[in-house]
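Working through the structure, step by step
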Amino acid sequence: MKQVLTISLLAISCAAAAQVAVTGSPVIEVQVPQSMGYTSVYVVKDAADATISYTASRPGAQWERWDSRGAAFAEPVTGVTHDGNTSMVQGTAGDTGYRITEADGVTVHYLWVTDYARHRYMVSALGIADGSDCGRAVLSVQGSADAITAYSINGRPQVIDRDIHISYYTLAYDAGADAYAQVTHSESIASVGATVGVPAPLCDTRFTMSPDRFSREWYPTVGDVDTPSYTAVAVEAHTSAEQVYESADNEQKTEGESDALGGSAPCEITFRAAVTDAAIYRRWEVSVTPDFADAELQYDQLEFTHTFTDAGTRYVRFTADNASGSCPYEGDVYTINIGESRLLCPNAFSPGASEGVNDEWRVSYRSIVSFECQIFNRWGKRLATLTHPSQGWDGKVGGKVVPSGVYFYAIKARGADGKDYKLSGDINVIGSSQSAASGPALNRAR
């Protein structure tokens, strides 16, 4: 069955659009950039069987052909036949540009015809070639699928994409599962030579090459070819860091702190890594220098939790490599800034006077890594012990608010910067609902 392609071509002049038709051989139209001087390339299955006809606005169109040098070197076409306004060329020369000038000498049309018979996809086997590395897998090709090139009216080459498919398995990070999962990857190749490179897979796989778009259409019996099994060497990882932030409102914070790692010590952060199949060696490193010249801590597991208790800056990164050590991977560097310590103590509060307003005595702090606070009445009886700076005293003893008056605190604490705190002072309880008479009774209980 004959396949006919009819295309309306763009004329250089403003004359009415003419028509070109290709008959006698199956044809596929391929779009090319307008800068070529024409908008389409016609790839015919066999140019020897093809006939190109052109219908002009009047009889007498003249035909010329050009090669890779461009239309400036066009030569007259012999054997053109005319039938009224229609002229045609039978058994066309493949891989050729045509310039058709109508009888008015003004209206000019350009087209390019490629003979697929000269470029048939003839790949018979696919193998693994030398030269594969961490970034690319190199495949050896037995057979041919050379570049198909069209030339513009100015002689500029344009490679026609043959759309040869190379498919294989690889891995892609799945955020929902926080792991790498196997996926199918396909590369479209314009043409192939003795070897062809594709992005290196992240898992063991086989590569499959499928015929080009023209062979798939015209020679459906041409089958795929596969490589032997390929062992993955490329390494990739996805890392994350999750910090546990304290919710204490008496901890001093700086602007933007919740968007960065670190802050006030002690600071607990969990680091996780998901890796691809070839990542045999895995390691987290913690360093005081950004170049990791002297890592102070190393963890060989994929996940670890560390509590940062020292003021200053620490750097954390994940590294991995394959069994041969040929594809080292270095992840993003996480920067953890721990601020210097601070500890301030209020001297008054009003428990029971107005619920939710200044009804608890608490220190204001930052980067305090050890803490003990004792609270006494004026007779030296210990009323409360606090073991973390986020804790507070509600002004109660035995479930009842103490009377108004002066009480005392004694604090021993240590900061992330090594600073020792030994603080003592008075606490004024203001506006207590307890009467002064209840004071002696409490004091007698010491």
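This text gives an overview of the structure that appears in the document. The residue numbering used here restarts from 1 in each chain and proceeds along that chain's sequence as written. This being a predicted model, a pLDDT of at least 70 is required before a residue's local features are given, and a value of 80 or more before pairs of side-chain atoms are given or counted; all residues contribute to the totals for chains, interfaces and linings. To obtain the side-chain values, all non-hydrogen atoms of the structure were included, while hydrogens and water were left out.

All right, on to the overall build of the protein chain then. When helices and strands are counted, the protein chain shows 2 helices and 38 strands. For the protein chain, whose C-alpha radius of gyration is 41 Å, the value lies well above the compact-globule estimate of 22 Å for 446 residues. For the protein chain, the spread of C-alpha atoms along the three principal axes comes to 130 × 55 × 35 Å. Across the 446 residues in the protein chain, those meeting the buried criterion constitute 43%. Throughout, a contact is declared for two residues whenever any of their heavy atoms are within 4.5 Å. Summarising the internal contacts of the protein chain: among those between residues at least 6 apart in sequence, 64% fall at separations of at least 24. Accessible surface, the protein chain: about 21800 Å² in total, of which carbon and sulfur atoms supply 47%. Charge centroids of the protein chain, computed over 34 positive and 53 negative side chains, lie 9 Å from each other. The helix count covers DSSP runs of H or I at least four residues long, the strand count covers runs of E at least two residues long, and both are numbered beginning at the N terminus. Values of the radius of gyration come from C-alpha atoms, whereas the globule rule sets the reference at 2.2 Å times the count of residues to the power 0.38. With a 1.4 Å probe rolled over the protein chains alone, any residue whose accessible area is under 20% of its type maximum counts as buried; one over 50% counts as exposed, and the rest are partly exposed. Per-residue and other accessible areas follow the Shrake-Rupley method at a 1.4 Å probe size, with only the shown protein chains counted as cover for residues. Asp and Glu are treated as the negative residues and Lys and Arg as the positive ones, with His and the ends of the chain left uncounted. One atom stands in for each charge, and that atom is NZ of Lys, CZ of Arg, CG of Asp or CD of Glu.

With that settled, consider the state of the cysteines. A pair of sulfur atoms, both from cysteines and within 2.5 Å, is called a disulfide here. The full count for this structure, using the stated rule, is 1 disulfide. Two residues share a disulfide in this structure: cysteine 134 and cysteine 327, whose sulfurs sit 2.0 Å from each other. Handedness here is read from the sign of the S-S torsion; for cysteine 134 and cysteine 327, about -100°, the answer is left-handed. Of this pair, cysteine 134 sits in the loop between strand S12 (125-128) and strand S13 (136-142) while cysteine 327 sits in the loop between strand S27 (312-321) and strand S28 (329-330), placing them 193 residues apart in sequence. The class for cysteine 134 is partly exposed, based on a relative accessible area of 34%. No disulfide involves cysteine 203; its sulfur sits 14 Å from that of cysteine 327, the nearest cysteine. A residue is classified by how much of its surface remains accessible, and cysteine 203, at 1% relative accessible area, is buried. For the unlinked cysteine cysteine 373, the closest cysteine sulfur is that of cysteine 345, found at 7.0 Å.

Within this document, salt bridges are pairs made up of a side-chain nitrogen of Lys or Arg and a carboxyl oxygen of Asp or Glu, the two lying within 4 Å of each other. In the structure shown here, the tally under the stated rule is 18 salt bridges. Linking arginine 317 and glutamate 330 is a salt bridge whose minimum nitrogen-to-oxygen distance equals 3.4 Å. Taken together, the positions of arginine 317 in strand S27 and glutamate 330 in strand S28 put the pair 13 residues apart, joining distant regions of the chain. Residue arginine 414 pairs with aspartate 420 through a salt bridge whose shortest N-O separation is 2.7 Å.

Our focus in this paragraph is the sheet that holds strand S23 (residues 267-275). Paired strands, in this sense, are two strands between which DSSP finds at least two bridges. Taken together, the 3 strands give an open sheet; going across it, the order is S21-S23-S26, and neighbouring strands pair in antiparallel fashion. Bordering the open sheet on either side are strand S21 (237-244) and strand S26 (303-308), each of which pairs with just one other strand. With strand direction ignored, the average angle separating the axes of adjacent strands in the sheet is 20°. With 8 bridges connecting them, S21 and S23 associate as antiparallel partners. Bridging from a neighbouring strand, alanine 241 pairs with phenylalanine 271 of S23. Axes, fitted as lines to C-alpha atoms, cover a helix only where it is in contact. Angles between the N-to-C directions of the axes lie from 0 to 180 degrees.

Let us look at the packing of aromatic side chains. Given two aromatic rings, their pairing is described by the distance between the two centres and the angle made by the two planes. Ring pairs are drawn from Phe, Tyr and Trp, using the six-membered ring of Trp, whenever the two centres fall within 6.5 Å, and their geometry is named by plane angle: stacked under 30 degrees, edge-to-face over 60, tilted for the rest. What the rule picks out here adds up to 23 aromatic pairs. On the basis of an interplanar angle of 65° and a centroid distance of 5.5 Å, the ring pair of tyrosine 116 and tryptophan 218 is categorised as edge-to-face. Of this pair, tyrosine 116 sits in the loop between strand S11 (108-115) and S12 while tryptophan 218 sits in helix H1 (residues 213-218), placing them 102 residues apart in sequence. Like tyrosine 116, the residue tryptophan 218 is buried in the burial classification. One aromatic cluster is present, built from ring pairs that chain together Phe271, Trp284, Tyr299, Phe304, Phe308, Phe318 and Tyr334. Sitting over the face of the ring of tyrosine 219, lysine 45 holds its NZ or CZ atom 4.8 Å from the ring centroid. Consider the ring centre and the ring normal. A charge sits over the ring if Lys NZ or Arg CZ is within 6 Å of that centre and within 35 degrees of that normal. Lying across the ring of tyrosine 219, arginine 120 places its NZ or CZ 3.7 Å from the centre.

Before going further, it helps to examine the pairing of strand S29 (residues 334-338). The side-chain alternation of S29 yields one buried face, formed by Tyr334, Ile336 and Ile338, and one unburied face, formed by Thr335 and Asn337. Pairing analysis gives 2 bridges linking strand S22 (residues 262-263) to S29, with the strands arranged parallel. Bridge pairing in S29 links glycine 262 to asparagine 337.

Pairing is mixed in the open sheet, where 5 strands are placed in the order S31-S38-S37-S33-S34. Edge positions in the open sheet fall to strand S31 (348-349) and strand S34 (382-386), since each of these has one partner strand only. When strand S33 (residues 368-376) meets strand S37 (residues 405-415), the two strands line up antiparallel, connected through 8 bridges. Across the sheet, residue serine 370 finds its bridge partner in S37, namely arginine 414.

Below, the discussion takes up the nonpolar core. The nonpolar side chains of a soluble globular protein tend to be buried with one another. For the purposes of this section, nonpolar cores are sets of buried Ala, Val, Leu, Ile, Met, Phe, Trp, Tyr and Cys residues that join through side-chain atoms within 4.5 Å. In terms of nonpolar packing, the biggest core is built from 38 residues, with Tyr38, Val41, Ile166, Val192, Phe207, Met209 and Phe214 touching the most fellow members. The set of elements that each furnish at least two residues to this core consists of strand S3 (27-31), strand S4 (40-44), S11, S13, strand S14 (148-151), strand S16 (164-174), strand S18 (195-199) and H1. With residues near it in sequence (within four places) discarded, phenylalanine 214 still touches Ile28, Val30, Val43, Tyr116, Ile148, Ile160, Arg162 and Tyr219. By size, the runner-up hydrophobic cluster in this structure holds 25 residues, among which are Ala265, Phe271, Ala278 and Phe308.

Here 4 bridges tie S14 to strand S15 (residues 157-160), and the two strands are oriented antiparallel to one another. Bridge assignment links tyrosine 151 to a residue of S15, and that residue is proline 157. Between S14 and S15, which pair antiparallel in sequence order, lie 5 residues; one of them, glycine 155, sits at a positive phi of approximately 85°.

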